[in-house]
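# Coordinates in review
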Amino acid sequence: MPGTAERCLRGRYVSVYLYSLARLISGSSPHGPASLIELQSAFKRSLQAGLAFLPEDGSDEEGGVRPGSPTEDIIALDFDDPRAVDFRNYMRTWYGKVPWSSIRKHEVYAWLSWSIYNAPFPSLESLPEDEQEILRSAMSMLEKRAGIAIPDGSNPDSSPLLLTLDPINVAWRPFVWYAFIAVGNSVLRQYLKVKWRASIGNYNGLEYILRMPLTRSWSPETGPHPIVFVHGLGLGLIQYNIFLTQLMEAIPDRPVLVPLHPHASQEIFHPRFLNPMNRHESADCLAGLLRELDWVEQHRADNGEKLDDEPKDGQRPTGVTMVSHSNGSFTHAWLLKAHPEMIYRSCFVDPVTFCSWEGDLCYNFIYRRCATGLELLMKYFVGMELGVANFLQRHFDWSANSLWFQDIPNACDPSKTKFFLGGKDDVVDAERVKRYLTSHGIRKGLWFDPHGRHGEALLSGGKGHKEILRWLREAS
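Now for a description of the structure that goes with this document. All values derive from a computational prediction rather than experimental measurement. (Residues numbered from 1 in each chain as written. Predicted model: local features only at pLDDT ≥ 70, side-chain atom pairs only at ≥ 80, totals over all residues. Heavy atoms only, no water.)

## Some details on the sheet that holds strand S1 (residues 199–203)
Hydrogen bonds along the backbone pair up the strands of a sheet, which may run parallel or antiparallel. Spatial strand order, S1-S2-S4-S3-S5-S6-S7-S8: eight strands in an open sheet with mixed pairing. Looking at which strands have only one partner, the edges of the open sheet turn out to be S1 and strand S8 (446–449). Ignoring strand direction, the axes of neighbouring strands in this sheet form an average angle of 20 degrees. Here strand S7 (residues 417–422) pairs with S8 via four bridges, running parallel. Bridge pairing in S8 places phenylalanine 419 opposite leucine 446. Strands in contact with helix H8 (residues 237–250) are strand S2 (206–211), strand S3 (227–230), strand S4 (256–259) and strand S5 (320–325); relative to S3, the strand with the most contacts, it is inclined by about 160 degrees. (Pairing = 2+ DSSP bridges. Helix = DSSP H or I, 4+ residues; strand = E, 2+ residues; numbered from the N terminus. Axes fitted to C-alpha atoms, helices over the stretch in contact; angles between N-to-C directions. Contact = heavy atoms within 4.5 Å.)

Structure, rendered in structure tokens:
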């Protein structure tokens, strides 16, 4: 199979700049494995997901122990147990959806080695003793969850998807394409400055757009909670300008902050185009910006020790209303995990952070053979673009990107947390995400359009779009 650089040469004329960037990212992932304790915890939680017998017609009830807390023991299930059948079925996604019977132990160890150590798997015997023990323990838990022992041996036809180790897949596009995007986003920045008196800022490398209320009476102590909108993959402001304009028109009484992500916006000339912020850098940077804007309280001392975060008598809780779309839900998840007290309300639109351990996002966006024109357009114009491919195939951190129900404050309160899903989503399996949320008690907080596609809820005039704006307006 040709490498990244060779694939870029398919066009008759090749940008030397693009070629050099493609060569730069064609190697292995620049990041090593995450914390082993965190990875083991995430792996165990992914196996526990779906073990409890939980009703799928949630009740949006607050208080007490949350339904579905991850306390289920990982016991050996029977082969015909519906939970084992479901687990085997979605685990096939990580192996290109081959029949379960074709998967062998060597390929499962290879997948475990990638997911835990972000490293290739030569053989079990060649690894240090402690790594062998960890992989054997993970294999034992996985077999219990699957309800069957995985056969020994190897089958190259069932090779796993090793996202950050597999050859990166980039499609060349002309220089004029990137020039158009750069000029378009630059023009829209100036438009927002003129139209909404927005300011363009930079906080420790995080660029952002900030629209303050036109009425100068707003204050973080008494005014409505500010809105933070985190965009997804695509074309940046060119793609989200209409929604942002309508958001600012519909909600003029509070600030709107839009962090800008050049790696997700095809801004090839930006210095951080191929160097996206990781989980910790992104969360700490955004948290620092919110503190600098005086939108949140200081909840941690300089040494990291947690301070008293309870509001004083008569004091309104601080924090922001965070709205994320698609890939932006990763940033949303990172801030929730690191600084949950900073987010007063959460709105997830087409989130890709839930059930990401099941592999649908990686398979659909990177590995799936296109069967429709829409899938082909999505893969070429987004999935195989240089910056997006670099982010997904060299900077993807599955444990950091996975958000669990228990990580969301007030998850069952529909006035504090809202989820928007489309049943025809081509990126994630929205039905499975819906089942995950409803089994944990979400009902009124879920807006599910059985015919909705990825991004449709943000389109002007649609029911989902109206519901997003209504929900954002309904509480201060």
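Still more ground to cover, so stick around.
## Considering helix H5 (residues 105–117)
With 13 residues, H5 should cover 18 Å at 1.5 Å per step; its first-to-last C-alpha distance of 17 Å lies within 8% of that length. Of all 13 residues that make up H5, 12 are buried, and the element is covered over most of its length. Restricting attention to buried positions, one finds in H5 the residues Lys105, Glu107, Val108, Tyr109, Ala110, Trp111, Leu112, Ser113, Trp114, Ser115, Ile116 and Tyr117. Residues of H5 that are buried in the fold lie against helix H3 (36–48), helix H4 (82–91), helix H6 (129–146) and helix H14 (398–401). At the exit of H5 stands asparagine 118, carrying a positive phi of roughly 50 degrees. (Expected span 1.5 Å × (residues − 1). Buried < 20%, exposed > 50% of the residue type's maximum accessible area, 1.4 Å probe, protein only.)

## So, a nonpolar patch on the surface
Residues Tyr17, Phe175 and Phe269 make up a contiguous nonpolar surface patch of about 330 Å² in total accessible area. Along the chain, phenylalanine 175 falls in helix H7 (residues 175–196). (Patch = residues over 30% accessible without salt bridge, like charges linked within 9 Å, V, L, I, M, F, W, Y side chains within 5 Å. Areas by Shrake-Rupley, 256 points an atom, 1.4 Å probe, with all protein chains shown as cover. Salt bridge = Lys/Arg side-chain N within 4 Å of Asp/Glu carboxyl O.)

## Considerations on the pairing of strand S6 (residues 343–349)
The buried fraction of S6 amounts to six of the seven residues, a majority that puts the element mostly inside the structure. In this sheet, S6 lies alongside S5 in parallel orientation, the contact comprising six bridges. When the bridges of S6 are listed, histidine 325 appears paired with valine 349. On the question of chirality, the crossover connecting S5 to the parallel S6 by way of helix H10 (residues 328–338) is right-handed. Two strands pair when backbone bridges link them, and S6 and S7 are joined in this way by four bridges, in the parallel orientation. Paired with phenylalanine 348 across the strands is phenylalanine 419, a residue of S7. (Right-handed = clockwise from strand over helix to strand, strands pointing away.)

## Focus: empty space enclosed by the protein
A full pass over the atoms with the stated rule returns eight cavities of 30 Å³ or more. Taken as a whole, the largest cavity holds about 190 Å³ of empty space. By residue number, the principal contributor to the lining of the largest cavity is H10, which donates four residues. Tallied by class, residues from the lining of the largest cavity come to nine nonpolar, 10 polar and two charged. Approximately 100 Å³ is the volume found for the second largest cavity. Residue lining of the second largest cavity: 13 residues in total, with Ser46, Trp94, Trp111, Trp357 and Trp398 positioned closest to the centre. Elements with a minimum of two residues in the lining of the second largest cavity: H3, H4 and H5. In terms of residue class, the lining of the second largest cavity is made up of 11 nonpolar, two polar and no charged. (1 Å grid on protein atoms, 1.4 Å probe; cavity = no way out; pocket = protein on both sides within 12 Å on 5 of 7 lines; lining within 4 Å. Points joined across faces, edges and corners; volume = space filled by probe spheres on them. Nonpolar A, V, L, I, M, F, W, Y, C, P; charged D, E, K, R; others polar.)

## Structural notes on the packing of H3 against H6
Between H3 and H6, the least distance of the axes is 10 Å, while the angle of their chain directions is 10 degrees. Considering their axes alone, H3 and H6 lie roughly parallel with respect to each other. Crossing handedness for the pair H3 and H6: right-handed. In contact with Leu36, Gln40, Phe43 and Leu47 of H3, H6 contributes Ile134, Ala138, Met141, Leu142 and Arg145. Here the residues of the contact of H3 with H6 are counted per class, giving seven nonpolar, one polar and one charged. (Parallel < 35°, antiparallel > 145°, perpendicular 65-115°, else oblique. Left-handed = near helix turned anticlockwise from the far one by under 90°.)

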